[in-house]
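Structural characterization, general
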Amino acid sequence: MDALYLLLAVVAGAIAGVAVARALGFGKSAQAQRAAEAEAKKILAAAEAEGDEIRKAAAIEGRETAFALKSEAEDEIRGSRAQLAERSEALGKKQREIEKSQRETDKRNADLSRREKQIAARENAAEAMVKSAESERATAQKRLEEVAGLSAEAARQRLEKEVLAEAQARAAGEVRTIEEQARAEAASRSKQIIATAIQRYAGEMVSERTVAVVPLPSDDLKGRLIGREGRNIRALEAAAGIDMIIDDTSESITLSCFNPVRREIARMAVTKLVSDGRIHPTRIEEVVRACEREVDEAAAEAGEQAVFDLGLHRVHPELVRMLGRLKFRHAYTQNVLQHSVEVGFLAGLMAAELGESVKAARRAGLLHDIGKAVDHENEGSHAEVGAQVARKHGESPRICQAIAAHDGDPAPQTVLDHIVDAANLLSKARPGARRELLASYVKRLEDLEKLCQSYEGVSRAHALLAGREIRVMVENDRMGDDQALMLSKELARRIESEASYPGQVRVVVIRETRASDYAR
């Protein structure tokens, strides 16, 4: 501001000097006037330069002053922010302390509420116990009053009835507990039983169901079938996909294979080769190919005949061919194709009685074992595989569901499922449908009877229904009814653990009381 005042004073002096010069030199010459004007201009220029410097200095001073004020303001703001942060942190700490106190208070309130409920429950239980005790005391008093008026015999009988009722109630509870435990252990126990059964029957079953014996006119043909360095037997095994066993058995060879169709092809090929006499690798391949065509044609004809016999239509040709292949497969000596046809007829009869679709029942019954034609080629049970095959070739969901459920896994759901399941069981249980080796059959019956007769008090034991039922006669004077009941359960457990049998065995213990007198 001082510089500005000085600049204004200089400018004012210059202007005044010019004015005085003009007044004093009014009458002088023009030259003196021009000199004065030049001097005045110099003074003005000097004044303007000095004013510019003064303005620059003032601007610099103003910026410095503004920067200093800004720094002071920022310092004040930072200080205010630090104070606000400290206050905010203090407030947050106080808030956390308040929340912690609130949680502790809520927890204490919850504990108090729980304790109050427990105390109330105990009070209610105590009141109930008091009421029960009073009720029992009243009942006991009433019973005592009633017993006081009874004779000793009547009181004894009444006490026996009450004790018996209480014992029966406790026994029922124990039975229920035991049944629950048995269900819990059923899965592992059933797997163990199945594994044991497989171990006992595997050797006999495999040797009986997976081999075919081909008779030979003479033992000389064994050498020709083997060929030079075994080339003929190797060619036959490779072409037919079987194992040929040539041992010391006279005038016969054994063909082994899990696939019944391939086993049949090999049997036919060996029979033709033996009758023809020309046995060499090229001829073997030709004969095997011809036998494959013959078996396929026979399978197709058998499948078409089964479909025709049941009066079915629009069955996929591939399903027909698979049905025909079941002709060469047996289950417990029961032909699977004949079994399927029987199931179809039985299912149709039951469906007609129940008012269901006869065609659908026959169709599901005929196709229920279709999975056995390919079960060695796919993973899963034959029921599951059969349902997949039927679904793949256009069968309806109802038919596929019945095929999948005919062995109980999954459980039957619809009426058609139950019909097919029942027809399957009826066909398998038909007398003579499934046979086993006579020696093993007789031995199994003898083992069952011998096991039952090993108990004291058993007079006779008879195996019935091909070993599916065992009837045990016990001596009346040496065994009571309760002991007979326990004997039936113990025999059933021993048969499960020690005997070999298919399916299930029903144990029937018979105790007779005979009274006789004479009228004279």
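This text gives an overview of the structure that appears in the document. (Residues numbered from 1 in each chain as written. Predicted model: local features only at pLDDT ≥ 70, side-chain atom pairs only at ≥ 80, totals over all residues. Heavy atoms only, no water.)

1. Quick word on helix α8 (residues 317–325)
Taken together, the buried positions of α8 are Leu319, Val320, Met322, Leu323, Gly324 and Arg325. Contact partners of the buried residues in α8: α6 (260–276), α7 (281–309), α9 (336–354), α10 (358–367) and α11 (382–392). (Buried < 20%, exposed > 50% of the residue type's maximum accessible area, 1.4 Å probe, protein only. Helix = DSSP H or I, 4+ residues; strand = E, 2+ residues; numbered from the N terminus. Contact = heavy atoms within 4.5 Å.)

2. Side note on the pattern of salt bridges
Scanning the model with the defined rule gives 15 salt bridges in all. Note that Glu318 is salt-bridged to Arg321, the shortest N-O span being 2.4 Å. With Glu318 and Arg321 both in helix α8, this residue pair falls three residues apart, about one helical turn. According to the relative accessible area criterion, Glu318 is partly exposed, its value standing at 24%. Overall, the relative accessible area of 29% leaves Arg321 in the partly exposed class. Of the charged contacts in the structure, one is a salt bridge between Arg494 and Glu498, with a shortest N-O distance of 3.0 Å. One end of the pair, Arg494, and the other, Glu498, are both in helix α15 (residues 481–498), four residues apart, so they sit about a helical turn from each other. Classification of Arg494 by relative accessible area gives partly exposed; the value is 26%. The class of Glu498 is partly exposed, set by a relative accessible area of 44%. (Salt bridge = Lys/Arg side-chain N within 4 Å of Asp/Glu carboxyl O.)

3. Focus on the nonpolar core
Ranked by size, the top nonpolar core spans 39 residues in total, and within it Val307, Leu323, Leu366, Ile399 and Leu416 carry the most contacts. Put simply, the parts of the chain that give this core at least two residues each are α7, α8, α9, α10, α11, α12 (397–404) and α13 (415–429). Residues Ile253, Ala266, Val287 and Val288 belong to the second largest nonpolar core, which totals 30 residues. (Core = buried A, V, L, I, M, F, W, Y, C linked by side-chain atoms within 4.5 Å.)

4. Some details on the packing of α7 against α8
It is at 7 Å that the axes of α7 and α8 come closest, and there the two elements cross at 105°. On the basis of their axis angle, the class for α7 and α8 is roughly perpendicular. For the pair α7 and α8, the contacting residues are Ala299, Ala300, Ala302, Gly303, Glu304 and Val307 in the first and Val320, Arg321, Leu323, Gly324 and Arg325 in the second. When the residues that make up the contact of α7 with α8 are grouped by side-chain class, the tally is six nonpolar, two polar and three charged. (Axes fitted to C-alpha atoms, helices over the stretch in contact; angles between N-to-C directions. Parallel < 35°, antiparallel > 145°, perpendicular 65-115°, else oblique. Nonpolar A, V, L, I, M, F, W, Y, C, P; charged D, E, K, R; others polar.)

5. Things to note about the packing of α10 against α12
Contact pair α10 / α12: the axes reach a minimum separation of 9 Å and the direction vectors enclose 45°. By the angle between their directions, the pair α10 and α12 is classed as oblique. The handedness of the crossing between α10 and α12 is right-handed. Two secondary-structure elements touch here, α10 through Ala360, Arg363, Ala364 and Leu367 and α12 through Arg398, Ile399, Ala402 and Ile403. The class makeup of the residues in the contact of α10 with α12 is six nonpolar, no polar and two charged. (Left-handed = near helix turned anticlockwise from the far one by under 90°.)

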